[in-house]
Protein chains: 2
Amino acid sequence: MVNFDFKNPTRIVFGKGTIPQAGSLVKEHGGSKVLLHYGGGSIKKSGVYDTVVKSLTQAGIDFVELGGVQPNPRLALVKEGIKLCREKNVDFILAVGGGSVIDSAKAIGVGTPYDGDVWDFYLATAVPQKNIPVATVLTISAAGSEMSNSSVITNDDGKFKRFLDCPQNYPVFSILDPETTYSLPAYQVGCGITDMFVHAFERYFTTVKNVDLTDRLCEAIMKAIINNAKRLMNNLQDYDAAAEIMWCGSLAHNNLAGTGRIGDFASHMIEHELSGFNDVAHGAGLAIVVPAWMKYTYKHDIPRFVQFAVRIFGVEENFHNPEETALRGIEALSEFFSSVGMPKTLKEIGIEEKDFAAIAKKIRKFDAANDTTGNFLPLKSADVEKILQLAK
Amino acid sequence: MVNFDFKNPTRIVFGKGTIPQAGSLVKEHGGSKVLLHYGGGSIKKSGVYDTVVKSLTQAGIDFVELGGVQPNPRLALVKEGIKLCREKNVDFILAVGGGSVIDSAKAIGVGTPYDGDVWDFYLATAVPQKNIPVATVLTISAAGSEMSNSSVITNDDGKFKRFLDCPQNYPVFSILDPETTYSLPAYQVGCGITDMFVHAFERYFTTVKNVDLTDRLCEAIMKAIINNAKRLMNNLQDYDAAAEIMWCGSLAHNNLAGTGRIGDFASHMIEHELSGFNDVAHGAGLAIVVPAWMKYTYKHDIPRFVQFAVRIFGVEENFHNPEETALRGIEALSEFFSSVGMPKTLKEIGIEEKDFAAIAKKIRKFDAANDTTGNFLPLKSADVEKILQLAK
């Protein structure tokens, strides 16, 4: 285990019927002038918008609105939000939606009190010192942004998708009502399930030794996702399964399962370029990248891939041929992604071989000195191209 | 899953060599006049005291000291601490020790700004409104108090041991250096392992249905404890095992694994009376009570006991006789407690049959209307007596 410094201060208010608490929670956490931030209007159809507005009004909270957040949220709208917050003296942001809306709200939160360009934070050329607090009402189980310090924003100027992790990004509270996910299309539910699975998965693949407890925490999350995904895909309004999946989404990415270890995250970096390039749904992109990443890297730590196969998918271990067991784990994961409706190839999402070199080149490199991304096996652009070849 | 409201704001600074950060962390968290609270002097022998004092001094932090916390920490010393904090205008408490020291510090923290008797909080006749912040340097892996909202105090006047759970009780930060546990006697390490195991165990035994993720989180913690206990008991200075066990202790009791479910906690309530009565080590008392509690209650939910046996101890399931599988799980747990040096009977800890009625009568009842304790199977005093009979 490696040394760590962990704190996750987000308060979670979980369960059916909790959204009417939004107004009183905003008040309790010091909000008086709120930016209500949301996406394309699905919250208006589902009634969540009305419930939130009623609750804010009843609590005597004044608010302004900014809708229109797209999947792969854009920097342009973030800048519009920053302008609005400054003009209207907003002191609290309430994001109502999924990961894109929450990530956009976080960017507005750190950008508003900052004199420079908020994109500096995403390029890691500046570090946020303060922010306007952000809270959330979650309506999609996927990104885990409701309990994480992460935000991912796409800059249309060049299709760059970049992340920012910082303590200010932890929402002060998040309301998680699983019933809000009832009206989502199955494909989007599948994308969310894939995204959260991969958050635990990326933490699982580490080169740090003696991480028994956090291995088991990652396994607990991945197994609960698999078990409940089946129930949920059969009936999108199964409350129990929707609730398990929603809480899995938060715990997969709230950093607890990553304490004392160094996760990989190359698959996320590769996928960010795919969805930055072609506006692919993040989960769908991950479902294509991850098995290819596994095929490219498994020989570097076969015992870990065997552990994954046996503990996550119950693959019967071939003690005399660990590689076979490892490969059967990769197959099992591919089948799981297919079972929740995910694509298998880059071709299916309109990315062609001629684009691979450009995508590989754009990847954010963790290790600038060595020009590599990922920690389990540091990848150069040439490695990324080979992974894309395995996924074509 | 049941609705829940969860927040755990404690910052964890984990790993070898982290204690010299104490002074700067106190400063960062707003402390200027500190009460340094500790136990019987083992921290002076181990050098932890010197490291902390040096670090406080280097950070320019003024402090007063109160040592002498006993296992099963006493109300009398808490009151002495409250008096001292008021006299010296203390604004921050740093507890250096194990669960007893931390629990005593928490009681001083809520008691100092309170006009009434701090014991009111433990009798649940008053609720804390504010406190002096508490931080910790942990030296014993056991109680989980370093990341929990709990405090347990013994009132010598009548040997009552009572708990207080409240948001103020979360430490603002806790420093966890596994090397501090190297000098503990094996018996105390075994008691700590038992205590933390039972924290996850009490949450596991619930009547709430559809708690798949948190079942698996509890299982992750219990399995990691079992796996690393063996290594640690073989070599008390195995850093990797000591680190796993230390982090297990925090996560077993930080409430995350209990979200969405209602734990039992009858075994804790029974054990509190044993250790209030005879100053038994808490872990040793639990090792005696828990298997007896299991034998008394298992018929009320055999599938859960089968799940425990199969998933925690890898008992081969007898599909035609679930009761046999359940009973083998209880045996396996008894054997595990023995393997870490715990006693098996009340007789071994000096508690006799003639005391059972008095102990059973004193138990704190969760449900005052029905005069019962515990949630998995609510127990009346007569039930508790029967459990003590099974443990005699």
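Nothing here was measured: the structure is a model prediction, and the numbers come from that model.

**Some remarks on the interface of chain A and chain B**
- Across the contact, 40 residues belong to chain A and 40 residues belong to chain B.
- Of the roughly 3,600 Å² buried at the junction of chain A and chain B (both faces included), carbon and sulfur atoms supply 57%.
- At the surface where chain A touches chain B, the tally comes to two salt bridges.
- For R11(A), the salt bridge goes to D5(B), with nearest N and O atoms at 2.7 Å.
- Where chain A packs against chain B, one counts 22 residue pairs in polar contact (both at pLDDT 80 or more).
- Listed by contribution, the elements that provide at least two residues to the side of chain A that touches chain B are β1 (4–14), α8 (212–234) and α9 (239–251) of chain A.
- For the side of chain A that touches chain B, the leading source of residues is α8(A), giving twelve residues.
- In terms of residue class, the side of chain A that touches chain B is built from 20 nonpolar, ten polar and ten charged.

**Structural notes on the confidence of the model for chain A**
- Per-residue confidence for chain A gives a mean pLDDT of 96, with 99% of residues at or over 70.
- The ipTM for the predicted assembly is 0.96, set against a pTM of 0.97.

**Description of the environment of W247(B)**
- Along the chain, the position of W247(B) falls in helix α9 (residues 239–251).
- According to the relative accessible area criterion, W247(B) is buried, its value standing at 0%.
- Distance from W247(B) to I221(B), taken between C-alpha atoms, is 9.4 Å for residues 26 residues apart in sequence.
- For W247(B), the residues in contact, after removing those within four places along its chain, are M1(A), F4(A), L213(A), T214(A), L256(A), T259(A), I12(B), F14(B), M147(B) and L176(B).

**Let's talk about the relation of the copies chain A and chain B**
- Overlay of chain A on chain B (RMSD 0.0 Å): rotation 180°, translation along the axis 0.0 Å. A rotation of that kind, with that shift, is consistent with a two-fold axis. For chain A, the residue whose C-alpha comes nearest the rotation axis is P9(A), separated from it by 2.2 Å.
- When the interface residues of chain A are mapped onto chain B, 100% of them are again interface residues, pointing to one common binding face.

**With respect to the sheet that holds β1(A)**
- As summarised here, the arrangement of the twelve strands in space is β3(A)-β2(A)-β4(A)-β5(A)-β8(A)-β1(A)-β1(B)-β8(B)-β5(B)-β4(B)-β2(B)-β3(B), forming an open sheet in which the pairing is mixed. Edge positions in the sheet fall to β3 (62–66) of chain A together with β3 (62–66) of chain B, since each of these pairs with one other strand and no more. Going across the sheet, the axis of each strand differs from the next one's by a mean of 25°, ignoring polarity.
- As defined by bridge partners, β1(A) adjoins strand β8 (residues 173–176) of chain A across four bridges and the pair is classed as parallel. Looking across to β8(A), one finds that F14(A) is bridged to L176(A).

**Here we look at the packing of helix α10 (residues 266–278) of chain A against helix α11 (residues 282–297) of chain A**
Residues and elements named next belong to chain A.
- Running from N to C, α10 and α11 point in directions that differ by 130°, and their axes come no closer than 9 Å. Relative to α11, the element α10 lies oblique. As α10 packs across α11, the resulting crossing turns out to be right-handed. Between α10 and α11, the residues in contact are A266, S267, H268, I270, E271, H272 and L274 and H282, G285, L286, V289, V290 and W293, respectively.
- Considered class by class, the residues forming the contact of α10 with α11 number seven nonpolar, five polar and one charged.

**Describing the pairing of strand β6 (residues 150–155) of chain A**
Residue and element names in this part refer to chain A.
- Counted residue by residue, β6 has six buried out of six residues, so it is predominantly covered.
- Because side chains alternate across β6, one face comprises the buried residues S150, V152 and T154, and the other comprises S151, I153 and N155, equally buried.
- Where β6 lies against strand β7 (residues 160–165), six bridges are found, and the strand directions are antiparallel. When the bridges of β7 are listed, V152 appears paired with F163.

**Concerning the pattern of salt bridges**
- For the structure on display, the rule yields 30 salt bridges over all chains.
- Salt-bridge contacts for D238(A) lead to R231(A); the nearest nitrogen and oxygen are separated by 3.5 Å.
- R231(A) sits in the partly exposed class, given a relative accessible area of 32%.
- K33(B) is the partner of D62(B) in a salt bridge, and the nearest nitrogen-oxygen pair spans 2.9 Å. With D62(B) in strand β3 and K33(B) in strand β2 (residues 33–37), this residue pair connects regions lying 29 residues apart in the sequence.
- Owing to a relative accessible area of 43%, D62(B) belongs among the partly exposed residues under this scheme.
- In the salt-bridge network here, residues are joined through shared partners; they are D5(A), R11(B) and E28(B).

**What to know about the packing of aromatic side chains**
Residues and elements named next belong to chain A.
- The tally for this structure, following the rule as stated, stands at 50 aromatic pairs over all chains.
- Relative to Y49, the ring of Y38 has its centre 5.6 Å away and its plane inclined at 70°; by these criteria the two rings are edge-to-face. Of this pair, Y38 sits in the loop between β2 (33–37) and α2 (42–46) while Y49 sits in helix α3 (residues 48–58), placing them eleven residues apart in sequence.
- When the ring of W293 is compared with that of F376, the centres are 5.5 Å apart and the planes differ by 55°; the resulting orientation is tilted. Taken as a pair, W293 in helix α11 and F376 in the loop between α14 (356–362) and α15 (381–390) lie far apart in primary sequence, 83 residues in all.

Rules of the game
- Residues numbered from 1 in each chain as written.
- Chains lettered and ligands numbered in written order.
- Predicted model: local features only at pLDDT ≥ 70, side-chain atom pairs only at ≥ 80, totals over all residues.
- Heavy atoms only, no water.
- Contact = heavy atoms within 4.5 Å.
- Buried area = accessible area lost by both parts, 1.4 Å probe.
- Salt bridge = Lys/Arg side-chain N within 4 Å of Asp/Glu carboxyl O.
- Polar contact = N/O pair within 3.5 Å; in protein donor to acceptor, adjacent residues only side chain to side chain.
- Helix = DSSP H or I, 4+ residues; strand = E, 2+ residues; numbered from the N terminus.
- Nonpolar A, V, L, I, M, F, W, Y, C, P; charged D, E, K, R; others polar.
- pLDDT = per-residue confidence, 0-100.
- Buried < 20%, exposed > 50% of the residue type's maximum accessible area, 1.4 Å probe, protein only.
- Least-squares fit on C-alpha atoms with pLDDT ≥ 70 in both.
- Pairing = 2+ DSSP bridges.
- Axes fitted to C-alpha atoms, helices over the stretch in contact; angles between N-to-C directions.
- Parallel < 35°, antiparallel > 145°, perpendicular 65-115°, else oblique.
- Left-handed = near helix turned anticlockwise from the far one by under 90°.
- Phe/Tyr/Trp six-rings, centres within 6.5 Å; stacked < 30°, edge-to-face > 60°.

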